[in-house]
Amino acid sequence: MHAPQGVEKVPRLLSSYRMLLKNGSKYCTLSDVTCTSEPKISKFHYSRREFKLVRPAHCTPLRDFPRDRIPMPSYVENPTVGKQEELELKNEKQIKKMRNVCQLARKILDATAEQIKVGVTTDELDKFAHEMCIEHKCYPSPLFYNLYYKSICTSVNNVMVHGIPDVRPLYSGDIINIDVTIFLDGYHGDLSETYLVGNVDGDGKHLVDVARQCQYAGISVCGPGQPMSVIGDAISMVAESEGLSVVPDILGHGIGTYFHGPPDVIHVAHEPEEEVLMQPGMTFTIEPLVCEGSTEYTVLKDGWTCVSNDGGRSAQFENTILITDDGAEVLTS
């Protein structure tokens, strides 16, 4: 789950917060559009690819969570908490905790992904992951983060990132990204993957495959002393060679005792104002968002859901990375 751009949405969501917890909402908080019939087919304007265009659907009320039994991050009690500003360099004890939380996050994502099939709703996937978090005594980090009120993000087809689980069923031909972050023993672990639902067209399969390759390329250049900018260079080279594009302002982020913090991870080739070098003990996510069309998007009124302006699909893979003395370790592998 990439870092949100500030907390300016919090005040306008607070007014609807109590009603939302009690009654649920339409497509996450403020939208007045509901999906009452089968979505139309989107014909991407410069190719022959076809898929279901995702439109707003009803969201269910907040799920119960045993606050008295499972430790929660500080932002649960303080929803206006800002982004961490100080870089963490973790010692061996802290790295062990990071490995534990990241491995459990991987377990929850993999188990949730096994529930994917035609007809299942993203709300049902959220319910499964939420209950699995409770079973393993960890906290689903997205829950109450800047008033996000589900436990995972589910982004389908033209929803780029931060899709909020709702009652729309999955259709054959969909691609869905599931983003899981959990909090355990004082630390967060974050990862996501994009999955195929039923019979996906060739362009959709290619998009998902290239997104996976882009993430691997970004990870492959990581190591102590490397400039952070090499990640974007490596990712851009792969995406451009395959005729695809990467969204420049969807960033990876530092992670640990904080959900989002330094360093920022830019997934496109760029000239940094000030180069940051990787250091042993740094942990951060790499999560390039790869598009088949334009990288431009709109954030819906809920303050979270990002949809592509041209109706095109995107795919994303994310892992939490540790910089070691001699390379990099994928903590969420």
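Residues numbered from 1 in each chain as written. Predicted model: local features only at pLDDT ≥ 70, side-chain atom pairs only at ≥ 80, totals over all residues. Heavy atoms only, no water.

> Can you help me understand the side chain of Thr 324 in this one?
By the secondary structure assignment, Thr 324 is in the loop between β18 (319-323) and β19 (328-330). One polar contact links Thr 324 to Asp 326, side chain to side chain, over a distance of 3.2 Å. Once you skip the residues sitting within four places of it in the chain, Thr 324 turns out to touch Pro 224, Pro 280 and Glu 329. (Helix = DSSP H or I, 4+ residues; strand = E, 2+ residues; numbered from the N terminus. Polar contact = N/O pair within 3.5 Å; in protein donor to acceptor, adjacent residues only side chain to side chain. Contact = heavy atoms within 4.5 Å.)

> Quick question: what am I supposed to make of the nonpolar core here?
In summary, soluble globular proteins display a tendency toward joint burial of nonpolar side chains. Residues Ile 108, Ile 116, Leu 125, Ile 176, Ile 178, Val 180 and Ile 182 are the most contacted members of the largest nonpolar core, which totals 34 residues. Tallying contributions element by element places helix α2 (residues 92-113) first for this core, with 10 residues. With near-sequence residues (within four places) excluded, Val 180 lies in contact with Ala 105, Ile 108, Leu 109, Ile 152, Gly 189, Asp 190 and Leu 191. Judged by nonpolar contacts, the second largest core, of 30 residues, contains Val 208, Cys 214, Ala 217 and Val 290. (Core = buried A, V, L, I, M, F, W, Y, C linked by side-chain atoms within 4.5 Å. Buried < 20%, exposed > 50% of the residue type's maximum accessible area, 1.4 Å probe, protein only.)

> Which parts of the structure should I look at to understand helix α4 (residues 202-220)?
An α-helix turns once every 3.6 residues. As a result, residues three or four positions apart point the same way. Counted at 1.5 Å a residue, the expected span for α4 with its 19 residues is 27 Å, and the 27 Å between its end C-alpha atoms agrees. Those residues of α4 lying buried are Gly 204, Leu 207, Val 208, Val 210, Ala 211, Cys 214, Gln 215, Ala 217, Gly 218 and Ile 219. Its side-chain oxygen placed 3.0 Å from the backbone nitrogen of Asp 203, Asp 201 serves as the N-cap of α4. (Expected span 1.5 Å × (residues − 1).)

> For this particular structure, what's the right way to read the sheet that holds strand β7 (residues 159-161)?
Strands pair in a sheet through their backbones, by hydrogen bonds, and they do so in one of two ways: parallel or antiparallel. Judged by pairing direction, the sheet is antiparallel, and its 3 strands sit side by side in the order β7-β16-β15 without closing on themselves. On the outer flanks of this sheet lie β7 and β15 (297-299), each paired with one strand and no other. Averaged over neighbouring strand pairs, the angle between their axes works out to 40° when direction is ignored. As defined by bridge partners, β7 adjoins strand β16 (residues 306-308) across 2 bridges and the pair is classed as antiparallel. When the bridges of β16 are listed, Val 161 appears paired with Cys 306. (Pairing = 2+ DSSP bridges. Axes fitted to C-alpha atoms, helices over the stretch in contact; angles between N-to-C directions.)

Geometric descriptors of this kind do not, in isolation, establish any biological role.
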